[in-house]
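Each chain, written out:
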Amino acid sequence: MTDTRSTCPYCGVGCGVIIESDAGQITGVRGDPDHPANFGRLCSKGSTLHLTATPIVLQTKRLHHPQHRAARGDELQALSWDEANQRIADKLLSLRADHGPDAIGFYISGQLLTEDYHAFNKLARGLVGTNNIDSNSRLCMSSAVVGYKQSLGSDAPPACYEDLDRADCLFITGSNMAWAHPILFRRIEAARAARPEMKIIVVDPRRTETAEFADLHLQIQPGTDVALCLGMLHAMVWEGWIDANFIAEHTEGFDALKALARDMPPAKAARQCGISEADLLQAARWFATSESTLSLYCMGLNQSTSGTAKNTALINLHLASGQIGRPGAGPFSLTGQPNAMGGRETGGMATLLPGHRDPTDADHRAEIARLWGVDALPATAGKTAVELFEAAARGEVKALWIACTNPAQSLPNQALVRAALERCELVILQEAFTGTATAAYADFVLPAATWGEKEGTVTNSERRISRVRAAILPPGEARPDWQIARDIAQRLEVQLRPGLPSLFGVEGPEALWLEHREATRGRDLDITGLTYAMLERSPQQWPCPEAESQGRARLYQDSRFATANGRARFVSRPFAAAADKIDASFALALTTGRMRDQWHGMSRSGAVPRLMAFDARPAVRLNPQDLARRGLKDGGLGKLTTRRGSLVLPMQADETVACGQAYVPMHWGAEFIGGDGINALTQDAFCPDARQPELKFSAMNVQSAELPWRISAAAWVPAAESAALREQLRALMPEFGYVQCLPAPPRDEAFGGSEGWCLDAALAQAPHPALLQRLAAILKLEGTGVLRYADTRRGRHRALRLSGEGDQARLQALLRVGEGEEGAWLTELWREAQAAAPHGRWLLAPEAQAPQGMQQSSPQVCNCFNVREDSIRACLGGVSGSPNERLAQLQGQLKCGTQCGSCLPSLRRLVSEVREEVIT
């Protein structure tokens, strides 16, 4: 058994992990107790990382060989690396010769390592000669980048994780940390337990798990963050809660901002935000007068057409009250991806150059050209994410090289994205996992190494650089991302730099990192004092220039900022409404967010069925009053329509969603649901400063979907056959007006070693017999041994196969057809792997309802110990004491919440609910 220290590949917390491997296979993972980001803690996703690298996953869900399709729509065919590299190089050279370098675009990822980013950036700008290189970090962090630069002079988060322990007031806005950054939330829980006097304010349109933990929840209307900050600033000025000396000595622009805030008194701001004036004033008081205030913010601020204005409005509050540059205080942007920060450092975005330089600055371009050994860098402005795909849809960008991201799932306005991919003459996809939506549009698919298989570095939210290490070799012919870029670049050099020294002579990631390190010399993020050897010993924060032996935990402690005159800037931006307008036709505000146990497009986390157990089924969540007002049914199908597209989802009543709003998790793409996924609906208008699209706000309409005919097709199969079953079922998804194709989380040992997939669909008319025959063939529900029921008059049909004998028999596969929910209980019987014997006579009975006595499924709450809500409620009914005492007794009996802790917010809510039930 071998232990390898590395870093988690999910969110930007940057948790240290220890990978356990044996005989070339990853066998386990645990938190690294010596890593300062997490001290051994891991969330539900991190603690199951080893399950994304099992032999079955490596065999069935990973790309192994380069592939190419001769024409769009053809099947992909394997080819050698040599042939793939040469064909790609030849096509890129041809397109560049015919249309110029800006006909080529690179769309990369915040999941790449810093070394990968550097290789791609040098390839795009130094060799191909285009600034058309952008990252999916544009979708999550670019507003934070520009906000820091406008206000403080540099893209440098000033705080660190230790400040979570030392803050007297936490201002959490636009982030459901309990789910999106759970390890940091565990740290907040511990700090709150140690110092109960700590005040926590949460700003969120939804009553999330994070909001439930707060002393004050400001449930503002979506998009009104700037109005809130202006109203709070007005109160601070009026009540004398500002730090006048700090403003005078260390800032500029306050008078203009004060004049702007004068027109947004607290009463007006509260009305605009939809909250009480008293709550706004309380938030302003705690924020300004606490000994130390730390703000934590993420996508709710960033993903907006006012994203930069929201960021600077929040930073204005810190500057006005002097809450910056000291322990426990400051504006702290939480990074969404594991190395979005590293991508910002390397300049791996169209609006950045390495070392926090600016591509519009001729001197900055010349500095990087000298470092790289090229004559010049391109001066033409590069296209950012949305702009890049808009240009491709117009036919201006002819080639897209996509690495480690899935734009056919994650970008907004999917109709435009798919038109862009279809029109491109060359689409290269560099990916680790099979089955992503973008793969269907790729001419070349190149297999990449991923977590546990590659070497390099990442930088987390607190500017801490950690090593990523390989524990095993990649499967098949998969290669590290930097190497794939290097090998094709070397072929391009033959034509583009004949007779000149190679720009890509590196043989390993450390050489790339050293080139990147040199680009930081003398800059605000200077890491010339670091080496790979130092990072081998422990993670380090930047800046750490050559003269220093350790990185700096906090910035601006001397109150001198990264601007030309050393003063921070107050940025005056008025409140502006979202780009998409609410009106009679589109009367709901749709927002998106994260699920607790899944991450982004789920290409990795979705490979672990147990991570689906907590929130397994896509649905649109609406306030019960909105459902009643529109005559809609909880659990019924709703057609969601925005100005960009539509899709059909089940509707779910949810009181945590305010009236006039709707909520859908961001993860559901065309790989799992019909209608091109949730981003068929979302907004691609973007912030004029940051170019970040407004994914968090879309005007939407919902009406009942008239699709009375329902189909369920499901089977448990050996794990080695799971990927094939998934692809066969997904191939039928375009046949339906509503469809979901989802893995079934394992429930017990009835089908040990098996995986389940279920297709749930609906049609306006009875399905064609040929479609049912195809489904029956896929599910192996033909021939002998199949139980059948048919009512041709009413169009009902059932085909069932049992596995096991007698009392041990379980429903292994089913095909169910009928109007409405007739027989829907059979799908639950299959999903829960319950014994079929007690319901034997009902399996083929014409009755539509579930038989009496059938055990109703209960949602899983604790992933680590598979503890469900019904067990938790039953346990809580027998314990007494304070809420904390009852929670401790619950944990002692069922163990829930004692390992990764991701379920603790849900457990606290249940403790409260069950107590209320007993009292009433």
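Please refer to the structure placed before this passage.
A few points on the structure. (Residues numbered from 1 in each chain as written. Predicted model: local features only at pLDDT ≥ 70, side-chain atom pairs only at ≥ 80, totals over all residues. Heavy atoms only, no water.)

1. Considering the sheet that holds strand β9 (residues 199–203)
Consider a sheet: its strands pair through backbone hydrogen bonds, and that pairing is either parallel or antiparallel. Strand order in the open sheet formed by five strands is β10-β9-β8-β12-β13, and the pairing between neighbours is parallel. Strand pairing shows two members of the sheet lacking a second neighbour, β10 (216–218) and β13 (330–333), which therefore form its edges. Between one strand axis and the next, the sheet turns through 15° on average, direction left out of account. Pairing of strand β8 (residues 169–173) with strand β12 (residues 293–297) involves five bridges; the strand directions are parallel. (Pairing = 2+ DSSP bridges. Helix = DSSP H or I, 4+ residues; strand = E, 2+ residues; numbered from the N terminus. Axes fitted to C-alpha atoms, helices over the stretch in contact; angles between N-to-C directions.)

2. Quick word on the packing of aromatic side chains
Summed over all chains, the structure comprises 15 aromatic pairs. Their ring planes at 85° and their centres at 5.3 Å tell us that F171 and F287 sit as a pair that is edge-to-face. Linking F171 in strand β8 with F287 in helix α13 (residues 277–289), this pair joins segments that are 116 residues apart in sequence. According to the relative accessible area criterion, F171 is buried, its value standing at 1%. Between F185 and F213 the ring centres are 5.3 Å apart and the planes differ by 65°, which places this aromatic pair in the edge-to-face class. Taken together, the positions of F185 in helix α7 (residues 182–194) and F213 in the loop between α8 (209–212) and β10 put the pair 28 residues apart, joining distant regions of the chain. For F213, a relative accessible area of 15% translates into the label buried. (Phe/Tyr/Trp six-rings, centres within 6.5 Å; stacked < 30°, edge-to-face > 60°. Buried < 20%, exposed > 50% of the residue type's maximum accessible area, 1.4 Å probe, protein only.)

3. Description of the side chain of S292
Along the chain, the position of S292 falls in the loop between α13 and β12. When neighbours within four sequence positions are excluded, S292 is seen to be in contact with R166, A167, D168, C169, Q323, R326, P327, G328 and A329. (Contact = heavy atoms within 4.5 Å.)

4. A word on the pattern of salt bridges
One pass over the full model with this rule turns up 61 salt bridges. One salt bridge connects D82 with R491, and the closest N-O pair in it is separated by 3.1 Å. One end of the pair, D82, is in helix α2 (residues 81–99); the other, R491, is in helix α21 (residues 481–496), and 409 residues separate them in sequence. Given a relative accessible area of 25%, R491 falls into the partly exposed group. Put simply, R726 and E727 hold a salt bridge, and the shortest N to O gap is 2.8 Å. Looking at R726, the relative accessible area reads 8%, which means it is buried. (Salt bridge = Lys/Arg side-chain N within 4 Å of Asp/Glu carboxyl O.)

5. Quick notes on helix α18 (residues 385–394)
For α18, the tally of buried residues reaches seven of ten residues, placing the bulk of the element in the interior. Residues A385, V386, E387, L388, F389, A391 and A392 constitute the buried set of α18. Residues of α18 that are buried make contact with β6 (104–108), β7 (133–135), β14 (399–403), α19 (407–410) and α20 (414–423). Positive backbone phi, approximately 90°, marks G395, located one or two places after α18.

6. Let's talk about helix α17 (residues 362–372)
Within α17 the residues assigned to the buried category are H364, R365, I368, A369 and W372. On an axial view of α17, the arc spanned by its buried residues comes to 135°, and they lie on one face. The exposed set on the far side of α17, more than 90 degrees from its buried face, consists of D363 and R370. Looking at the buried residues of α17, the elements they touch are α3 (114–128) and α22 (509–519). If you check the start of α17, you find a side-chain oxygen 2.8 Å away from the backbone N of D363, and it comes from D361. Two residues or fewer after α17 comes G373, characterised by a positive phi angle close to 80°. (Arc of directions from axis to C-beta. Polar contact = N/O pair within 3.5 Å; in protein donor to acceptor, adjacent residues only side chain to side chain.)

7. Structural notes on the sheet that holds strand β26 (residues 698–704)
Spatially, β21-β25-β22-β24-β23-β26 is the arrangement adopted by the six strands of the closed barrel, whose pairing is mixed. Within the sheet, the average angular offset between the axes of one strand and its neighbour, ignoring direction, is 45°. Of the pairings in the sheet, the one linking strand β22 (residues 620–622) to strand β25 (residues 661–665) comprises two bridges and is antiparallel in character. Directly across from L622, in β25, lies its bridge partner A662.

8. Brief notes about the nonpolar core
Formed by 62 residues in total, the largest nonpolar core has its most connected members in L152, L218, L228, M232 and L319. Counting residues per element, this core draws most heavily on helix α9 (residues 225–239), at nine residues. If we skip the residues at most four places from it in the chain, L319 touches L152, F246, I247, T251, I324, F561, A568, R569 and F570. One finds L622, L632, I711 and V817 within the second-largest nonpolar core, a separate group that totals 52 residues. (Core = buried A, V, L, I, M, F, W, Y, C linked by side-chain atoms within 4.5 Å.)

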